[in-house]
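Next come the chains, spelled out residue by residue.
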Amino acid sequence: MSEDLVLLELNARWNCDLPFGWVPITGPADNSEELEIYDLDAFIEWFDDDAIIHLLAETFGISAGYEIVEGGAVEFIALNKCVFGYNGLEHMYTDAAFHFLLYFSHEDSVTAGGKRLIEAIHRAWPDYKSHFWPPASWPSH
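Conventions used here
Residues numbered from 1 in each chain as written. Predicted model: local features only at pLDDT ≥ 70, side-chain atom pairs only at ≥ 80, totals over all residues. Heavy atoms only, no water. Pairing = 2+ DSSP bridges. Helix = DSSP H or I, 4+ residues; strand = E, 2+ residues; numbered from the N terminus. Axes fitted to C-alpha atoms, helices over the stretch in contact; angles between N-to-C directions. Contact = heavy atoms within 4.5 Å. Patch = residues over 30% accessible without salt bridge, like charges linked within 9 Å, V, L, I, M, F, W, Y side chains within 5 Å. Areas by Shrake-Rupley, 256 points an atom, 1.4 Å probe, with all protein chains shown as cover. Salt bridge = Lys/Arg side-chain N within 4 Å of Asp/Glu carboxyl O. Buried < 20%, exposed > 50% of the residue type's maximum accessible area, 1.4 Å probe, protein only. Expected span 1.5 Å × (residues − 1). Arc of directions from axis to C-beta. Phe/Tyr/Trp six-rings, centres within 6.5 Å; stacked < 30°, edge-to-face > 60°.

(A) Representation of the sheet that holds strand β4 (residues 91-94) in the model. Sheet architecture is open: six strands sit in the order β1-β6-β5-β4-β2-β3, paired in antiparallel fashion. Looking at the sheet topology across the chains shown, the edges are occupied by β1 (35-39) and β3 (73-78). For this sheet the average axis-to-axis angle between neighbouring strands, irrespective of direction, equals 20 degrees. Relative to β3, strand β2 (residues 64-69) runs antiparallel, the two being bridged by six bridges. From the neighbouring strand, isoleucine 68 faces β3, where its bridge partner is valine 74. Where helix α1 (residues 3-14) meets the sheet, its contacts fall on β1, β2, β3, β4, β5 (101-104) and β6 (109-113), and the angle it forms with β3 comes to roughly 95 degrees.

Structure representation (structure tokens):
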């Protein structure tokens, strides 16, 4: 799928405003019941690269996905080549069918989108409720 079509689908499915960004924490989004936002450090501590790769492979039966890097660069790559985290640039990940979205942002947050992904995170990370991104820090609507 072309880069433009990937961005259009992300915009349609997840209310992104790509290539400019995605700010699910400012909502409201039509799919807000399918989103959870976690503290980045706690998420990365629990889900190192191997753990997140295993979670995505097991949940969605994938070994590759789209990596969207801040600025709009889109590439379909093997999961073991993905940068699951924030390295000065925001990163988003989805599968070829756009069933989920995983977003690592400037705000020291990780947003998980998609019911199956959220359920898989809950099963794999028993203490997830203690690591929601602090709602008091969310911008007011």
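(B) Examining a nonpolar patch on the surface more closely. Nonpolar side chains collect at one region of the surface, where Met1, Leu5 and Leu8 lie side by side and expose about 330 Å² of accessible area between them. Structurally, leucine 8 is set in helix α1. Here leucine 8 falls in the exposed class, since its relative accessible area comes to 53%.

(C) Structural context of helix α3 (residues 49-60). Spanning 12 residues, α3 covers 16 Å between terminal C-alpha atoms, matching the ideal 16 Å at 1.5 Å per step. Among all positions in α3, only Ile52, Leu55, Leu56, Thr59 and Phe60 are buried. Looking down the long axis of α3, one finds its buried residues gathered within 90 degrees of arc, a one-sided arrangement. Facing away from the buried side of α3 by more than 90 degrees, the exposed set consists of Asp50, His54 and Glu58. On its buried face, α3 sits against α2 (40-46), β5 and α4 (115-124). Following α3 by one or two positions, glycine 61 adopts a phi angle in the positive range, close to 65 degrees.

(D) A look at the pairing of β1. When you tally the buried positions in β1, you get four out of five residues, the bulk of the element. Strand direction decides the pairing type here: β1 and β6, joined by five bridges, are antiparallel. By the bridge assignment, glutamate 36 is partnered in β6 with alanine 112.

(E) Seen up close, the packing of aromatic side chains. Here the structure, examined in full by the defined rule, presents 14 aromatic pairs. When the centroid spacing of 5.9 Å and the interplanar angle of 15 degrees are considered together, the rings of tyrosine 38 and phenylalanine 132 count as stacked. Here tyrosine 38 is found in strand β1, whereas its partner phenylalanine 132 is found in the segment after α4, with 94 residues between them in sequence. A residue is classified by how much of its surface remains accessible, and tyrosine 38, at 0% relative accessible area, is buried. Exposure remark for phenylalanine 132: the relative accessible area of 34% places this residue in the partly exposed category. Taken together, the ring pairs connect Tyr38, Phe43, Phe47, Phe84, Tyr93, Phe104, Trp125, Tyr128 and Phe132 into an aromatic cluster.

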